[in-house]
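# Observations on chain architecture
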Amino acid sequence: MHIDLKVLDERLREQPPAYATPGSAGLDLRACLDAPLTLAPNAWQLVPTGLAIHLADPGFAAMILPRSGLGHKHGIVLGNLVGLIDSDYQGQLMVSAWNRSDVPFTIEPMERIAQMVIVPVVQASFRVVNDFAEASERGSGGYGSTGRG
Ligand SMILES: O=c1ccn([C@H]2C[C@H](O)[C@@H](COP(=O)(O)OP(=O)(O)OP(=O)(O)O)O2)c(=O)[nH]1
Ligand SMILES: [Mg+2]
């Protein structure tokens, strides 16, 4: 699949977005900062990525996810937990970097801070009904109704 991409930060011309391995699902996003950014414990800040994409097709979206190493070892995750990029969004991709740890963390300029996955999307149309045609086995059971473990 081809996606139109604008490079908004010239530094990315030397480090264009690329899948790290042939099987990678995610494309790492870099922090296009002019200076190191220190996030205090529990602080979060919007970080520019220097990229804009236009998916154009409503059958696709992009999701921004934490990198597992940064998230697990350093507590650097996303202030919105997951970023969802609409197919009609044309602005700069932004990462809400949240330091959920109890020690400061410094993001270096051009460091890979998050990753983006392109995903298929179904835009449903809804038919309003008073009752569902069939009763399912689950019904309205949830929140652990099938037991724990
Ligand atoms: O981590 C993110 C999340 C969103 N976006 C951009 C792309 C997305 O298409 C747009 C709107 O995101 P969303 O719909 O999640 O936010 P909203 O609070 O509902 O804003 P809006 O009213 O503009 O839809 O913001 C990012 O760049 N990074
Ligand atoms: Mg929205």
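Thresholds, definitions, all that
Residues numbered from 1 in each chain as written. Chains lettered and ligands numbered in written order. Predicted model: local features only at pLDDT ≥ 70, side-chain atom pairs only at ≥ 80, totals over all residues. Heavy atoms only, no water. UniProt positions renumbered as here; feature names shortened; annotations may be inferred. Near = heavy atom within 4 Å. Polar contact = N/O pair within 3.5 Å; in protein donor to acceptor, adjacent residues only side chain to side chain. Areas by Shrake-Rupley, 256 points an atom, 1.4 Å probe, with all protein chains shown as cover. Salt bridge = Lys/Arg side-chain N within 4 Å of Asp/Glu carboxyl O. Buried < 20%, exposed > 50% of the residue type's maximum accessible area, 1.4 Å probe, protein only. Helix = DSSP H or I, 4+ residues; strand = E, 2+ residues; numbered from the N terminus. Pairing = 2+ DSSP bridges. Axes fitted to C-alpha atoms, helices over the stretch in contact; angles between N-to-C directions.

Under an unreviewed UniProt entry, the name given to the protein chain is Deoxyuridine 5'-triphosphate nucleotidohydrolase, and the source organism is Hydrogenophaga palleronii. Regarding the protein chain, the UniProt comment filed under Function (unreviewed entry) reads as follows: "This enzyme is involved in nucleotide metabolism: it produces dUMP, the immediate precursor of thymidine nucleotides and it decreases the intracellular concentration of dUTP so that uracil cannot be incorporated into DNA." Turning to the protein chain, the UniProt record has this under Cofactor (unreviewed entry): "Mg(2+)".

## Here we look at the site of ligand 1
Near ligand 1 you find Ile-64, Asn-80, Gly-83, Leu-84, Ile-85, Asp-86, Tyr-89, Gln-92, Leu-93 and Met-94, and these make up its full shell. One of the side-chain N or O atoms of Asp-86 is found 2.6 Å from an oxygen atom in ligand 1. Within the backbone of Met-94, an N or O atom sits 2.8 Å from a nitrogen atom of ligand 1. Within the complex, the protein chains bury 48% of what would otherwise be the 570 Å² of accessible surface of ligand 1.

## Notes on the pattern of salt bridges
If you walk through the whole model with that rule in mind, you get five salt bridges. For Glu-10, the salt bridge goes to Arg-13, with nearest N and O atoms at 3.0 Å. Take Glu-10 and Arg-13: they sit in the same class, and that class is exposed. Between Arg-112 and Asp-28 there is a salt bridge, with its nearest N and O atoms 2.8 Å apart. Linking Arg-112 in strand E10 (residues 112-120) with Asp-28 in strand E2 (residues 27-30), this pair joins segments that are 84 residues apart in sequence. You can call Arg-112 partly exposed: its relative accessible area is 32%. The class of Asp-28 is buried, set by a relative accessible area of 18%. A network of salt bridges, in which partner residues are shared, links Asp-9, Arg-11 and Asp-34.

## Points about the sheet that holds strand E6 (residues 76-78)
Spatially, E1-E4-E8-E6 is the arrangement adopted by the four strands of the open sheet, whose pairing is antiparallel. Edge strands, defined here as strands with exactly one partner in the open sheet, are strand E1 (4-7) and E6. The mean inter-strand angle of the sheet, taken between neighbouring strand axes irrespective of direction, is 45°. Taken together, the three bridges between E6 and strand E8 (residues 92-99) define a ladder with antiparallel strand orientation. The residue bridging Leu-78 from the neighbouring strand is Ala-97, located in E8.

## Regarding the UniProt feature "domain: dUTPase-like" (unreviewed entry) in the protein chain
Mapped onto the present numbering, the UniProt feature "domain: dUTPase-like" (unreviewed entry) falls on residues 17-147. From the first C-alpha to the last, residues 17-147 spans 44 Å; its make-up is 5% helix and 39% strand.

## Section: the environment of Asn-130
Summarising the element assignment, Asn-130 is placed in the segment after E10. In this structure Asn-130 comes out as exposed when scored by relative accessible area, which is 79%. Sequence-wise, Asn-130 and Gln-45 are 85 residues apart; in three dimensions their C-alpha atoms are separated by 45 Å.

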